[in-house]
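# An overview of the molecular structure
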Amino acid sequence: MGDERHEKIQKRAYQIWQREGGGDPEHHWHRAEAEIDREAALPLTADDAVPQTREIASTDVLTVEELAVRTGISGDEAQELIERLGSDRAAIEQAARGLKGRRKS
C-alpha cells in the first residue's frame, strides 16, 4: 500500500509542478501528500459516510472542516448543523446539501 501511495503522491506533485510552471518540488510534494491523504480519508459518496444505524460513534463525528469541504458550505454553517443535528450523519449531510442548493437558487 505504501508504494501505491508514494506513486500517487509523486504523480500529483508532478501535476502541481506542471500547473504552477515549476517551483519548489518539496513544497509540491507536501501539497500532493496532503491532498492524497485528505482524499483517502473522505468517503466516496454520501452513502459511504452513513453507518447502517444512521448514528455515528462519538469518535467518528464529522468534523466541521470535513463537512464544509465535502458539501461546499461554510465552516460556520457546518458547525451550526453539527451542533443542531448531533450525530445523525445522514441528516447532517442532507441539511448541508440543502443549504448549498438554496444558496444557488
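Below, the structure is looked at part by part. Quick caveat, the model's predicted, so the values are computed rather than measured. (Residues numbered from 1 in each chain as written. Predicted model: local features only at pLDDT ≥ 70, side-chain atom pairs only at ≥ 80, totals over all residues. Heavy atoms only, no water.)

### Regarding helix α2 (residues 25-41)
To keep things clear, this is the line we draw: Secondary structure elements follow DSSP: runs of H or I no shorter than four residues count as helices, runs of E no shorter than two count as strands, and numbering proceeds from the N terminus. Given a helix with a known number of residues, its expected span is that number minus one, times 1.5 Å. For each residue, the accessible area found with a 1.4 Å probe, counting protein chains only, is set against the maximum for its type, and the residue is called buried under 20%, exposed over 50%, and partly exposed in between. It is the directions from the helix axis to the C-beta atoms whose arc is reported. Contacts are assigned to residue pairs that have any heavy atoms within 4.5 Å of one another.
Given a rise of 1.5 Å per residue, 17 residues ought to cover 24 Å, and the 24 Å separating the end C-alpha atoms of α2 matches this to within 8%. Within α2, burial applies to His28, Ala32, Glu35 and Ile36. All buried residues of α2 project into a common sector of 95 degrees when viewed along the axis, lining one side. Counted as exposed and oriented over 90 degrees from the buried face of α2: Glu26 and Ala41. Where the residues of α2 are buried, they touch α1 (2-19).

### As for the environment of His27
By the element assignment, His27 lies in helix α2. When the C-alpha atoms of His27 and Ile16 are compared, they prove to be 9.7 Å apart, with 11 residues separating the residues in sequence.

### Observations concerning the pattern of salt bridges
Rules: When a carboxyl oxygen of Asp or Glu lies within 4 Å of a side-chain nitrogen of Lys or Arg, that pair is called a salt bridge.
All told, the structure shown has seven salt bridges when counted by the stated rule. The salt bridge partner of Glu35 is Arg12, with a shortest N-O separation of 2.8 Å. Placement of Glu35 in helix α2 and of Arg12 in helix α1 is noted, with a sequence separation of 23 residues between them. In this structure, Glu20 and Arg31 form a salt bridge, with 2.3 Å as the shortest nitrogen-oxygen distance. With a gap of 11 residues between them, Glu20 in the loop between α1 and α2 and Arg31 in helix α2 connect regions that are remote in the sequence.

### As for the nonpolar core
Formally: We define the nonpolar core as a collection of buried residues of types Ala, Val, Leu, Ile, Met, Phe, Trp, Tyr and Cys that are connected through side-chain atoms lying within 4.5 Å of one another.
Counting residues in each nonpolar core, the largest one holds eight residues, listed as Leu67, Ala68, Ile73, Ala78, Leu81, Ile82, Ile92 and Ala96. Counting only elements with at least two residues in this core, the list comes to α4 (64-71), α5 (75-85) and α6 (89-104). Of all the elements, α5 adds the most residues to this core, at three residues. If you look at the next biggest cluster of nonpolar residues, it comprises five residues, including Ile9, Ile16, Ala32 and Ile36.

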